[in-house]
Amino acid sequence: MTVELETLAQWLRESHSAVFFGGAGVSTESGIPDFRSVDGLYNQTYDDPPETIISHSFFEAKPEAFFRFYKDKMLCLEAKPNTAHQRLAQWESQGHLAAVVTQNIDGLHQEAGSKTVYELHGSVHRNYCTHCGKFFDAQYVKESVGVPRCDACGGLIKPDVVLYEEGLAEEILRGAVSAIGRADLLIIGGTSLVVYPAAGLVNYYRGNRLVIVNKAPTPADRSADLVLQGKIGEIFEQIQIA
Ligand code: NAD
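Asker: I tried to follow the side chain of Asn214 on my own but got confused; where do I start?
Answerer: Here Asn214 shows up in strand E8 (residues 210–214). Taking relative accessible area as the criterion, Asn214 reaches 10% and is therefore assigned buried. Among the polar contacts listed, one links the side chain of Asn214 to the backbone oxygen of Ala216, at a separation of 2.9 Å. Asn214 has contacts with Gly189, Gly190, Thr191, Leu228, Gln229 and Gly230, leaving out every residue within four places of it along the chain.

Shown next as structure tokens:
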């Protein structure tokens, strides 16, 4: 282990309230593209940029085009948790990590075994009829032809994901802010830290062990106590804390 990896391992061993704050980069090693890497969704060709397509007004105006993109690019139901997800679940079960705060909507942290997960942007696994409120799983949406409709009333089904122009759920926000505010170690990973208000949550951290694990530089690197540049799954794989 390098000095940096050993430092992170030691800080994790000493922590009982660490929080991991992550984004799309955590799931790229599971095969789900992020938004801003060179092979991310922003650099692929669509009629509109992803930020436009997954906005509230676009969903309302052009649900067909929304679901074409959403089912094709955001509903990656065959993806499996990678080492980053698995290590975080392990550190929680060992009593070092208190919570995962994620901008991801793929549900891979829970699949890996993480228990306290604040999903700031919702989850593809929850979908509701906008008319009668009936619940549908992600498979139902994936298998639907065109726009998914409720099998009870015919209403439009909306994924429980926070689209651009929509606000974050208050209860989840409160939980995330509280966990970050109490943390003695904050690890930020796999996020460009440019999507607000989510990225602003890291400002609630009051401790002096701020770690960044990311492929590309982030705006928080300058204020970090430790920066590990590279693939998060490969980096976490080398961290031995037991
Ligand atoms: P982003 O695409 O803006 O940034 C991803 C960051 O992760 C980049 O800085 C990139 O360098 C880094 N990265 C990529 N692969 C990595 C790896 N293997 N190891 C370490 N770092 C890696 O993503 P964001 O900051 O999360 O913001 C995009 C928004 O889009 C978020 O709201 C997110 O919810 C959503 N999104 C979610 C998913 C998902 O659920 N898996 C996928 C795409 C986008």
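The rest of the description comes next.
Asker: Even after reading the chapter, I still don't get the site of the ligand, so can you show me in this structure?
Answerer: Lining the immediate surroundings of the ligand are 28 residues, of which Phe35, Arg36, Gln103, Thr191 and Ser192 lie closest. In this structure, a nitrogen atom belonging to the ligand sits 2.8 Å away from a main-chain N or O atom of Ile232. If the ligand stood free it would expose 850 Å²; the protein chains cover 96% of that surface. Among the cavities detected, the one that contains the ligand is the largest pocket. Classifying every residue of the shell around the ligand by side-chain character gives nine nonpolar, 13 polar and six charged.

Asker: When you look at the domain arrangement of the protein chain in this model, what are you seeing that I'm missing?
Answerer: By a widely used convention, the size of an interface equals the accessible area lost when the partners come together. Assigned domains of the protein chain: these are domain 1 (1–31 + 79–121 + 167–242), domain 2 (33–75) and domain 3 (124–161). Of note, the centres of domain 1 and domain 2, computed from C-alpha atoms alone, are 25 Å apart. Of the roughly 490 Å² buried between domain 1 and domain 2 on both sides combined, carbon and sulfur atoms contribute 66%. On the domain 1 side of the interface with domain 2, the three residues burying the most area are Ala24, Thr28 and Ile105, jointly 47% of the side's total. Remark: the boundary between domain 1 and domain 2 carries zero salt bridges. Here domain 1 is connected to domain 2 by zero residue pairs in polar contact (both at pLDDT 80 or more). Looking at side-chain class alone, the side of domain 1 that touches domain 2 contains four nonpolar, four polar and one charged residues.

Asker: Quick question: what am I supposed to make of the pairing of strand E7 (residues 186–189) here?
Answerer: If a strand is regular, its side chains alternate between the two faces of the sheet. Here E7 shows two buried faces, one formed by Leu186 and Ile188 and the other by Ile187 and Gly189. As judged from the four bridges shared by strand E1 (residues 18–22) and E7, these two strands associate in the parallel manner. Note on E7: the bridge partner recorded for Val19 is Leu186.

Asker: Would you mind showing me how to read the pattern of salt bridges here?
Answerer: Taken as a whole and judged by the stated rule, the model has eight salt bridges. For Glu111, the salt bridge goes to Lys80, with nearest N and O atoms at 3.1 Å. One end of the pair, Glu111, is in helix H6 (residues 108–112); the other, Lys80, is in the loop between helix H4 (63–74) and helix H5 (83–93), with 31 residues separating them in the sequence. Using a relative accessible area of 44% as the deciding quantity, one classes Glu111 as partly exposed. The closest approach of N and O atoms between Glu166 and Lys158, which form a salt bridge, is 3.3 Å.

What counts and what doesn't
Residues numbered from 1 in each chain as written. Predicted model: local features only at pLDDT ≥ 70, side-chain atom pairs only at ≥ 80, totals over all residues. Heavy atoms only, no water. Helix = DSSP H or I, 4+ residues; strand = E, 2+ residues; numbered from the N terminus. Buried < 20%, exposed > 50% of the residue type's maximum accessible area, 1.4 Å probe, protein only. Polar contact = N/O pair within 3.5 Å; in protein donor to acceptor, adjacent residues only side chain to side chain. Contact = heavy atoms within 4.5 Å. Near = heavy atom within 4 Å. Areas by Shrake-Rupley, 256 points an atom, 1.4 Å probe, with all protein chains shown as cover. 1 Å grid on protein atoms, 1.4 Å probe; cavity = no way out; pocket = protein on both sides within 12 Å on 5 of 7 lines; lining within 4 Å. Sits in = over half its atoms within 2 Å of the grid points. Nonpolar A, V, L, I, M, F, W, Y, C, P; charged D, E, K, R; others polar. Domains from an automatic or database assignment. Buried area = accessible area lost by both parts, 1.4 Å probe. Salt bridge = Lys/Arg side-chain N within 4 Å of Asp/Glu carboxyl O. Pairing = 2+ DSSP bridges.

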